[in-house]
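Inside the fold
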Amino acid sequence: MRLKMAATVAALALFLPLAGAQAAAARPVEEIDFPEVPEVAAIYPFYAGGWRQFVNDPEVIVTTRDCLYSRVGVTAPSGGYALYWGPDPDPSPWEEGGAEPQVEVYRFNSKARAHRVLDRIRETVTRCYGRFAEGQRVRVRRAAPVPDLGAETPLAWRTHVKNRPEREATPEYYGIDIWMRRGRFLILADVYQLTPPVKADAVLLAREALRSIG
């Protein structure tokens, strides 16, 4: 289950303008900005001996107005995400109920801009705390208190999704998402699996994500 790759783009992106010379001097988000496989495997042992895949993608995915699906919120000047795969021939623990960790990093042109985008994400997500349903799809979000992470109060929540079985390969799953800011970088560490993920492990992944920002 790769939620970033499967997100439904239901609205136009709101593009953030570049800032002249400052934007030209800023480096892009790169693979070095993400935790390495041994760091992830120390938390989730399944990934020992596996590999990391970096995907260049500056689009920040947020929830839709009905709180049920996903859409593009803003497009950062630079961004991407890392997927973690276990050793062949079994690269993913998903079907066996194991955790799938992912880290996303977005670089903005200033600390102030990164703060404003995080505020927008915070407003969108907290508005969607609770239970939302349409037909046979149900999404429940609730706040997940976590320790101080990054340059300001992090945003963390748990998700439980139930889908129509005949339309979705995975009709029910759970997740933890943790958004953080370090300087002008926004970082998302998320973990999804068929049973509720362990919050302490997700926090460890978030700490590794913060440490990895170059």
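Above this note sits the structure.
Keep in mind that this is a model prediction, so the values were computed, not measured.

1. Thoughts on the overall build of the protein
- Helix and strand counts for the protein stand at five helices and eleven strands.
- Per-residue burial for the protein yields a buried fraction of 50% across its 214 residues.
- Accessible area for the protein stands at about 10,100 Å²; split by element, carbon and sulfur atoms hold 54% of it.

2. Notes on the pairing of strand E5 (residues 78-85)
- Along E5, eight of the eight residues are buried, which leaves the element largely enclosed by surrounding structure.
- Two elements, strand E2 (residues 51-56) and E5, share six bridges in a ladder whose sense is antiparallel. Its bridge partner lying in E5, Trp51 is registered against Trp85.
- Two elements, E5 and strand E6 (residues 100-107), share six bridges in a ladder whose sense is antiparallel. Within the sheet, the bridge partner assigned to Tyr81 lies in E6 and is Glu104.

3. Quick notes on the sheet that holds strand E11 (residues 185-193)
- The strand order across the open sheet built from eight strands is E2-E5-E6-E11-E10-E9-E8-E7, with neighbouring strands paired in antiparallel fashion. Sheet topology places E2 and strand E7 (130-134) at the edges, where each strand pairs with a single neighbour. Between one strand axis and the next, the sheet turns by 20° as a mean value, whatever way the strands run.
- Here strand E10 (residues 172-182) runs beside E11; their pairing, made up of nine bridges, is antiparallel. Residue pairing across strands places Arg182 opposite Phe185, the latter belonging to E11.
- Sheet strands touched by helix H4 (residues 111-127): E7, strand E9 (155-162), E10 and E11. Its angle to E10, the strand with the most contacts, is close to 150°.
- Running at roughly 35° to E10, helix H5 (residues 199-212) makes contact with E6, E9, E10 and E11 of the sheet.

4. Looking at the side chain of Asn109
- Residue placement: Asn109 occurs in the loop between E6 and H4.
- Classification of Asn109 as buried rests on a relative accessible area of 4%.
- Side chain to side chain, Asn109 and Arg107 meet in a polar contact 3.0 Å long.

5. Focus on H4
- The first and last C-alpha atoms of H4 sit 24 Å apart over 17 residues, in line with the 24 Å expected at 1.5 Å per residue.
- Ala114, Val117, Leu118, Ile121, Arg122, Thr124 and Val125 are the residues of H4 that are buried.
- Buried-residue contacts for H4 involve strand E3 (59-63), strand E4 (70-75), E9, E10 and E11.

6. A short note on the pairing of E11
- The buried fraction of E11 is high, at nine of nine residues.
- Every second residue of E11 is oriented toward a common face, with Phe185, Ile187, Ala189, Val191 and Gln193 on one face and Leu186, Leu188, Asp190 and Tyr192 on the other, all of them buried.
- Bridge count between E6 and E11: eight bridges; the pairing is antiparallel. Looking at E11, one finds that Arg107 is bridged to Phe185.
- In this antiparallel pair of consecutive strands, E10 and E11, the connection spans two residues, and Gly183 shows a positive phi of 60°.

7. Here we look at the packing of aromatic side chains
- The final tally for this structure, using the stated rule, is six aromatic pairs.
- Ring centres 6.0 Å apart and planes at 25° place the aromatic pair Trp51 and Trp85 in the stacked group. Here Trp51 is found in strand E2, whereas its partner Trp85 is found in strand E5, with 34 residues between them in sequence.
- Taking relative accessible area as the criterion, Trp85 reaches 17% and is therefore assigned buried.
- Through pairs of rings, three or more aromatic residues link up here, namely Trp94, Tyr173 and Tyr192.

8. Quick word on unusual backbone geometry
- For Cys67, which is not glycine, the phi torsion reads 70° and is therefore positive.
- Positionally, Cys67 belongs in the loop between E3 and E4.

9. Comments concerning the side chain of Glu104
- With respect to the secondary-structure elements, Glu104 resides in strand E6.
- On the basis of relative accessibility, which here comes to 5%, the residue Glu104 falls in the buried class.
- Here Gln102 takes part through its side chain, which lies 3.0 Å from a polar atom of the side chain of Glu104.

Conventions adopted
Residues numbered from 1 in each chain as written. Predicted model: local features only at pLDDT ≥ 70, side-chain atom pairs only at ≥ 80, totals over all residues. Heavy atoms only, no water. Helix = DSSP H or I, 4+ residues; strand = E, 2+ residues; numbered from the N terminus. Buried < 20%, exposed > 50% of the residue type's maximum accessible area, 1.4 Å probe, protein only. Areas by Shrake-Rupley, 256 points an atom, 1.4 Å probe, with all protein chains shown as cover. Pairing = 2+ DSSP bridges. Axes fitted to C-alpha atoms, helices over the stretch in contact; angles between N-to-C directions. Contact = heavy atoms within 4.5 Å. Polar contact = N/O pair within 3.5 Å; in protein donor to acceptor, adjacent residues only side chain to side chain. Expected span 1.5 Å × (residues − 1). Phe/Tyr/Trp six-rings, centres within 6.5 Å; stacked < 30°, edge-to-face > 60°.

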